[in-house]
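As a plain string of letters, each chain reads:
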Amino acid sequence: RDIGVATSSVTLFRQLGATLGTALFLSLLFGRLGEFVGARFQTAFADPAYQAALRDPANAATATKLQELQSAGADSFNDTSWLSTANQVLVRPILDGFTDATTLVCGVGAAITVFAIVFAIFVPNNELRSHGPAAPAGH
């Protein structure tokens, strides 16, 4: 008699978890992205190879795009298709910042998964249906 309630509860919590998890992880990713990319750019500006690539006239389009990103802020990451054709030395801080933010999200996800497994181990196993003899067909 409790199987329907248990099934609907599992479905409800699965859907809630998926919705809240997606919102949490995307908020964490994009909330920390600017900080990670900024830190990577600070490190890159100290590198003489980065400074040389920035001054190279062949990289003028990429340098202009990076200046636009700096003035536009987070809204300018709506289209990242230009990253694949840009000078990889100049866009390395952006890619590494995305990697750092993604690593953080994966770490938090792993910690939540470990907590869920430990929690599941301690949940009591209540039998919902006994496997006794079947009731006669006419009753």
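Each remark here, short or long, concerns the structure printed above.
(A) Broad picture of the overall build of the protein. Each helix and strand counted, the protein has four helices and zero strands in total. Its helices and strands in sequence order give the protein the pattern α-α-α-α, from N to C terminus. Within the protein, buried positions represent 19% of all 139 residues. Long-range pairs, those at least 24 residues apart, make up 73% of the contacts in the protein with a sequence separation of at least 6. Carbon and sulfur atoms form 64% of the exposed surface of the protein, whose accessible area is close to 10200 Å².

(B) Expanded view of the packing of aromatic side chains. Going through the model one piece at a time under the given rule, you end up with four aromatic pairs. With a centroid separation of 5.5 Å and 75 degrees between ring planes, the pair formed by F45 and Y50 is classed as edge-to-face. Here a set of aromatic residues connected by ring pairs shows up, and it is made of F41, F45 and Y50.

(C) Geometry of the nonpolar core. Formed by 18 residues in total, the largest nonpolar core has its most connected members in F41, Y50, L66, W82 and I94. Counting residues per element, the ones that place at least two in this core are α1 (3-45), α2 (48-55), α3 (60-72) and α4 (88-122). Here the element with the most residues in this core is α1; it accounts for six residues.

(D) Highlighting a nonpolar patch on the surface. Where nonpolar side chains cluster on the molecular surface, the patch consists of V114, I117, V118, I121 and F122 and spans about 530 Å² of accessible area. Structurally, the position occupied by V118 is in helix α4.

(E) A look at the packing of α1 against α4. The interhelical angle for the contact between α1 and α4, taken along N-to-C directions, is 140 degrees, at an axis separation of 7 Å. Taken together, α1 and α4 sit at an angle that is classed as oblique. Two packed elements cross with a definite hand, and for α1 against α4 that hand is right-handed. Split into classes, the residues belonging to the contact of α1 with α4 amount to 19 nonpolar, three polar and four charged.

(F) Representation of the pattern of salt bridges within the structure. This model, assessed by the stated rule, comprises five salt bridges. Ionic pairing is found between R32 and E35, a salt bridge with its closest N-O pair at 3.2 Å. Of this pair, R32 and E35 both sit in helix α1, three residues apart, roughly one helical turn. Connected through shared salt-bridge partners, R40, R92, D96 and D100 make up one network.

(G) Summary view of α1. The end-to-end C-alpha distance of α1 is 62 Å, a good match for the 63 Å that 43 residues give at a rise of 1.5 Å each. L33 marks where α1 bends most, by close to 40 degrees. All of the buried residues along α1 are G21, L29, L33, F36, V37, F41 and A44.

(H) Representation of the packing of α1 against α2. At a minimum axis distance of 6 Å, the contact between α1 and α2 shows a crossing angle of 90 degrees. Between α1 and α2, the angle falls in the class roughly perpendicular. Across the interface between the two elements, F41, A44 and F45 of α1 pack against Y50, Q51 and L54 of α2. Residues that form the contact of α1 with α2 fall into these classes: five nonpolar, one polar and no charged.

The rules behind each value
- Residues numbered from 1 in each chain as written.
- Predicted model: local features only at pLDDT ≥ 70, side-chain atom pairs only at ≥ 80, totals over all residues.
- Heavy atoms only, no water.
- Helix = DSSP H or I, 4+ residues; strand = E, 2+ residues; numbered from the N terminus.
- Buried < 20%, exposed > 50% of the residue type's maximum accessible area, 1.4 Å probe, protein only.
- Contact = heavy atoms within 4.5 Å.
- Areas by Shrake-Rupley, 256 points an atom, 1.4 Å probe, with all protein chains shown as cover.
- Phe/Tyr/Trp six-rings, centres within 6.5 Å; stacked < 30°, edge-to-face > 60°.
- Core = buried A, V, L, I, M, F, W, Y, C linked by side-chain atoms within 4.5 Å.
- Patch = residues over 30% accessible without salt bridge, like charges linked within 9 Å, V, L, I, M, F, W, Y side chains within 5 Å.
- Salt bridge = Lys/Arg side-chain N within 4 Å of Asp/Glu carboxyl O.
- Axes fitted to C-alpha atoms, helices over the stretch in contact; angles between N-to-C directions.
- Parallel < 35°, antiparallel > 145°, perpendicular 65-115°, else oblique.
- Left-handed = near helix turned anticlockwise from the far one by under 90°.
- Nonpolar A, V, L, I, M, F, W, Y, C, P; charged D, E, K, R; others polar.
- Expected span 1.5 Å × (residues − 1).
- Bend = angle between axes of the 7 residues up to and from the residue.

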